[in-house]
Each structure stands twice: as structure tokens, then as C-alpha cells.
Amino acid sequence: MKGDAPRKTLLTGMDAGLFLCHECHYVVKAGDEAENLKCPRCHSAIHPRIPNSLAHSWAFVITSLVLLFPANMLPIMAVEYMGSSECSTIMDGIIYFFKEGSYGIGTVILVASVLVPVFKIVGIIMILVSIHFRIESWLRHKTLMFRFIEFIGRWSMLDIFVIALLTALVNFGFLSTIVAAPAAPFFCGVVVSTMLAAEFLDTRLIWDAAR
Amino acid sequence: MDGQGQDSTGNKKVTLNPRDVFLCPDCDLVIPKVAIEPGEKLCCCRCGCVLDAPVENGAEKTMALSLTGLLLFVPAIFLPLLTLDILGLESTGSIYASVKSLLVSGFVFTGFAVLLTSIVIPFLKLMLLCVISAQVCMHRGSRITVAMFRLYNRLDEWGMLEVYMIGILVTIVKLFHMASITYDTGFFCFIGLLAATLLSSSMLDENYYWNVIHEACQKSTQSQTAAETLVPVPSDVVEERT
């Protein structure tokens with residue numbers, strides 16, 4: 001970033017009277033009937049910015065924040081071994097790996113299932129707040145952070161896939177079985193709602209502060 | 001920038017041809033269209049978003065890779081991935097079995113989430129990509145192609161095969177100490193499927209696809225209207241005259 005002065009003179013689509021189709025990235029000239037403009041290439045409705053982007057994004061972020069508590073506090077997996085059942089939360093599983101000495105895999109799970117959801121929620125809230133207060137600094141960094149949040153979004157499903165595979169694999173009847181526990185749907189909900197929050201957030205709103 | 005001038009009110013009034021520019025989808029910056037070579041990338045100078053990344057023979061490559069993926073799909077999903085052996089007791093698990101066991105044990109939402117993200121959406125993505133690429137190769141397209149490509153773009157980030165792959169690796173490490181593990185056919189098919197899926201979506205040149213589909217659509221509507229103007233007088237009208 002080379003200071004604020006040259007940035008403000010750059011021409012944006014809004015200034016030039018050009019709209020971008022969000023589905024197929026076709027550039028359309030803004031007419032008088034900007035209300036129901038349709039993309040000539042993919043026939044989807046064109047809006048200068050995604051409509052109600054912030055409201056949707058807030059809704060999904062708050063949903064995921066609420067779901068995050070049961071997802072981390074309730075047990076996510078139950079191991080039955082010789083008739084005795086033992087439930088474990090996400091943290092229990094990570095602590096188990098660190099105690100066993102497998103630090104690599106422990107770190108992978110710690111990052112994917114605890115740090116990533118928290119980072120996503122905090123990051124999106126930071127971006128939303130900065131849009132509300134029209135904060136002009138760190139624009140490029142915020143965009144990069146958002147791109148990173150979009151990229152890591154799907155990786156939190158890791159724990160769910162592991163549990164799904166474990167329930168199918170470890171099925172030895174009385175000797176040992178693994179079943180999913182109540183936190184699994186909540187955790188799934190966290191992943192889905194953070195992904196939706198990122199999908200609805202229009203990054204161009206970050207840059208509108210600089211206009 | 002070209003075509004920039006002042007209007008009567010003194011505000012900066014800009015008239016640009018929409019075909020000559022890219023608009024950055026992430027920061028709305030106007031960027032003049034430059035022709036770039038296959039393998040190069042055009043990035044937004046303000047936020048770094050990739051605007052254009054042509055691939056040489058992209059449609060053919062994408063079609064070949066998505067066909068490969070489709071061939072590997074059924075064995076990768078339904079054949080067992082791993083065999084566990086604890087004290088002589090054996091147990092196998094496939095991706096399909098993992099979804100089934102979640103659904104059977106009452107976790108309907110979680111089960112459906114895994115079903116969608118690891119089976120249904122990856123399959124749909126490969127299927128759509130194969131059909132769309134075939135049409136782009138032949139320079140054909142219709143409203144259905146447009147709808148299919150839109151659906152593909154929507155589904156793109158919801159297919160999570162690579163996450164499942166890491167999940168398999170984590171599972172292996174988890175069970176490493178208590179059981180002996182053998183890798184089955186499904187495991188290797190899954191690796192192939194994953195490679196085909198990732199490569200096919202990285203070879204996809206969206207701008208080129210949209211342009212080809214758009215041109216084909218315009219051509220078909222033009223020929224339709226031309227055909228309508230050439231339609232002879234309807235037969236009932238002819239009968240009335242006689």
C-alpha cells in the first residue's frame with residue numbers, strides 16, 4: 001500500500017457506471033432501469049453490490065457463534081470398549097494426541113477443528129465491523145484475510161469426516177465401537193453457517209470505504 | 001484511461017466500453033483488458049484477485065480429467081478404503097459406509113452433510129464439468145449449459161473430497177496403535193479421484209467457458225430468428241386461400 005492519495009484516484013466500476021455480474025463476471029453498463037438488470041450472458045439478476053450482504057453475513061456469523069459453544073462443550077464422539085462407554089469432546093481428542101506424543105496430528109486437528117472456526121468467526125466479525133465504521137486502513141490486508149477465511153472454511157469438516165469414517169470402521173460389536181455424539185450436528189452447523197457467512201459477504205463493501 | 005471526459009456539471013464523467021475492461025470482483029476496480037498468454041495470470045493491482053487465467057486447450061484437458069474422475073468415482077466411494085484387523089477381527093469401511101453408519105445411528109443432519117459434501121456434490125461437479133466441457137469443445141451451448149455452469153460455480157466450494165482425504169489420513173494415525181491397517185482398492189481409487197477432481201477444477205478457464213457458451217447461445221438465437229423469418233406461409237392460411 002503506497003499511502004492513501006493514489007488509491008482514491010483509481011477508477012471503480014461504480015464511478016464508471018459499470019456493474020459486474022456476480023455469477024459469471026460479465027461487465028454490464030448501468031442503465032436507468034438499474035433495479036431489475038439482468039445479465040445477458042447468464043440471465044441472473046445483476047446488482048451493484050450483493051443485496052443485503054451485511055445482514056445475511058451478520059445472521060450467519062451470529063448463528064455460528066451460538067452453535068460454537070455446544071459444538072465444543074458437548075461430547076463429539078463416544079468410544080465403547082468392552083461394554084464401558086467413554087465420551088470425548090473435541091479438546092479431549094486433541095489432548096489425547098498430545099499426551100500420546102503424536103504432536104503433528106494433534107496440531108492438525110487443533111488447527112482444523114478449534115482454531116479455524118474461531119479465526120473465521122472473529123475475522124468475519126472484524127471485517128463486518130470495519131465496513132460498518134467505514135474504516136479506510138488495512139483494505140488490502142482485510143481482503144487477503146477474507147480470501148484466507150474463504151479458503152480455510154471447508155477444512156473444519158475434517159473432524160466430522162474422521163468421526164464418520166471411525167463409526168464405519170470401528171464396529172466390532174461388544175469388543176469396541178465408536179459412535180458419533182450430540183456435538184456432531186452442532187459442529188457441522190458451525191462449519192456450514194461460517195461458509196454461508198463468507199459467501200454472502202461482499203468484499204467490495206470493504207473497498208467502498210475508500211471511495 | 002480512455003474515453004474519460006468532463007460533463008456539463010463538471011463531475012468526472014467516464015464512458016467506457018464494458019467489453020474493454022475487467023471489473024475486479026473483490027474490490028470493483030476497473031482494469032483494462034489485456035491479452036495474456038496461456039499459463040499467465042492477470043491479477044488486480046489493488047487487491048490481488050485473479051481476473052483471468054487462460055489455459056491452453058483447457059476445455060479438452062478439463063473434459064479428459066473429469067471423465068477420469070467419473071470412471072473412478074463409483075469404486076472410490078463404494079469399495080472399502082481400509083481394512084482394520086484387531087485380534088483377528090476384521091472390519092472394513094468405505095465412504096458410503098461412513099455416511100450410512102451416521103444415518104443409521106440417528107445423526108440425520110450430520111449424515112446428510114457428509115453425504116452431500118463427499119458424495120453427491122463431488123459427483124454432480126464432475127458430471128456437470130464433463131458435459132459443459134464437451135459442449136465448450138464443440139463450441140455449442142444453450143440456456144441449459146448456462147444453467148449448468150451456474151450450478152457448477154455455486155457447488156464449487158461445497159465439494160470437500162480433499163478434506164475427506166486428510167480425514168482418512170487422520171483416521172489412519174488414530175487407529176495405527178490399536179489395529180493393523182491394510183489399504184484396499186477404494187483407497188487408491190479415491191486418491192485418483194481426488195487428483196482428477198483437483199486438476200480438472202484447476203484447468204478450468206471460466207472466462208473462456210463463459211465466452212464460448214455466450215457466443216454459441218447468441219448464434220443459436222440468431223439462427224432461430226432467421227429461421228422464423230424464412231418460415232413459409234402456414235398451411236391453414238394457404239388452404240383458406242384455395
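This text goes with the structure placed above it.
Below you will find a few notes about this structure. Residue positions within a chain follow its written sequence, with the count starting from 1. The order in which chains are written sets their letters, starting at A; the order in which ligands are written sets their numbers, starting at 1. Reporting of local features is limited, given that this is a predicted model, to residues whose pLDDT is at least 70; pairs of side-chain atoms are given and counted only at 80 or more, and all residues count toward the totals for whole chains, interfaces and linings.

**Considerations on the interface of chain B and chain A**
Under the convention used in this document: Once C-beta atoms are placed from the backbone, any two residues with those atoms within 7 Å are in contact. Secondary structure elements are defined from DSSP: runs of H or I of at least 4 residues count as helices, runs of E of at least 2 residues count as strands, and each element is numbered from the N terminus. Here the term charged refers only to Asp, Glu, Lys and Arg, the term nonpolar to Ala, Val, Leu, Ile, Met, Phe, Trp, Tyr, Cys and Pro, and the term polar to all other amino acids, Gly among them.
Facing 48 residues of chain B, the contacting portion of chain A comprises 51 residues. Among the elements of the structure, β3 (21-23), β7 (82-86), β8 (89-93), α2 (95-104), α3 (108-137), α4 (143-155), α5 (161-175) and α7 (206-230) of chain B are those that each provide at least two residues to the side of chain B that touches chain A. At eight residues, α5(B) tops the list of elements feeding residues into the side of chain B that touches chain A. In the side of chain B that touches chain A, the residues fall into 31 nonpolar, twelve polar and five charged.

**Points about the sheet that holds strand β5 (residues 77-81) of chain A**
All names here are of chain A. Heads up, the rule is: In this description, strands pair whenever DSSP reports at least two bridges between them. Fitting a line to C-alpha atoms yields each axis, with helices limited to the stretch in contact; the angle taken between N-to-C directions then spans 0 to 180 degrees.
Strand order in the open sheet formed by three strands is β6-β5-β7, with antiparallel pairing between adjacent strands. Edge positions in the open sheet fall to β6 (84-88) and β7 (176-180), since each of these has one partner strand only. Strand after strand, the sheet turns through a mean of 20 degrees between neighbouring axes, direction not considered. Alignment of β5 against β6, held across five bridges, turns out to be antiparallel.

**What to know about the sheet that holds β7(B)**
Residue and element names in this part refer to chain B. The antiparallel open sheet is built from three strands, whose spatial order is β8-β7-β9. Each having just a single partner strand, β8 and β9 (180-183) make up the two edges of the open sheet. Averaged over all pairs of adjacent strands, the angle between their axes in this sheet comes to 20 degrees, without regard to strand direction. In terms of strand pairing, β7 meets β8 through five bridges, oriented antiparallel. Each bridged residue has a counterpart across the sheet, and for leucine 82 the counterpart in β8 is glycine 93.

**Looking at the environment of Ile163(A)**
Residue and element names in this part refer to chain A. Residue placement: isoleucine 163 occurs in helix α7 (residues 158-169). Measuring from C-alpha to C-alpha, the distance between isoleucine 163 and glutamate 100 comes to 19 Å, with 63 residues separating the pair along the chain. Leaving out residues up to four positions away in the same chain, isoleucine 163 has contacts with Ile76, Met77, Ala180 and Ala184.

**Section: the nonpolar core**
Convention followed: Structurally, a nonpolar core is described as a collection of buried Ala, Val, Leu, Ile, Met, Phe, Trp, Tyr and Cys residues joined by way of C-beta atoms within 7 Å. Partly exposed residues are those whose C-beta has more than 12 but fewer than 20 other C-beta atoms within 10 Å; with 20 or more the residue is buried, with 12 or fewer it is exposed, and the C-beta atoms are placed from the backbone.
Residues Ile160(A), Phe161(A), Ile163(A), Ala164(A), Ala184(A) and Phe187(A) are the most contacted members of the largest nonpolar core, which totals 120 residues. Take this core: its biggest share by element is twelve residues, from helix α8 (residues 183-200) of chain A. Not counting residues within four places of it along the chain, the set of residues in contact with Ala184(A) comprises Ile76(A), Ile160(A), Ile163(A), Phe107(B) and Thr110(B).

**A short note on the packing of α7(A) against α5(B)**
Operational definition: Reported orientations rely on four angle classes, namely roughly parallel under 35 degrees, roughly antiparallel over 145, roughly perpendicular from 65 to 115, and oblique for the rest. Whether a crossing is left-handed or right-handed is set by the direction in which the near helix is turned from the far one by less than a right angle, anticlockwise for left-handed and clockwise for right-handed.
It is at 8 Å that the axes of α7(A) and α5(B) come closest, and there the two elements cross at 55 degrees. Here α7(A) is positioned oblique relative to α5(B), judged by the angle of their axes. The way α7(A) lies across α5(B) gives a crossing that is right-handed. Within the contact between the two elements, α7(A) uses Leu158(A), Phe161(A), Val162(A), Leu165(A), Leu166(A) and Leu169(A) and α5(B) uses Val163(B), Tyr164(B), Ile166(B), Gly167(B), Ile168(B), Val170(B) and Thr171(B). When its residues are assigned to classes, the contact of α7(A) with α5(B) shows eleven nonpolar, two polar and no charged.

**Considerations on α5(B)**
Defined as follows: One less than the residue count of a helix, multiplied by 1.5 Å, gives the span that helix is expected to have. Summarising the geometry, the arc corresponds to the directions from the helix axis toward the C-beta atoms.
For α5(B), built from 15 residues, the straight-helix expectation of 21 Å at 1.5 Å per residue is met to within 8% by its first-to-last C-alpha distance of 21 Å. Where α5(B) is concerned, the buried positions are Leu161(B), Val163(B), Tyr164(B), Gly167(B), Ile168(B), Val170(B), Thr171(B) and Lys174(B). Viewed end-on, α5(B) has its buried residues packed into an arc of 165 degrees, placing them on one side of the element. Those residues of α5(B) that are buried are in contact with α5 (103-132) and α7 of chain A together with α3 and α6 (185-202) of chain B.

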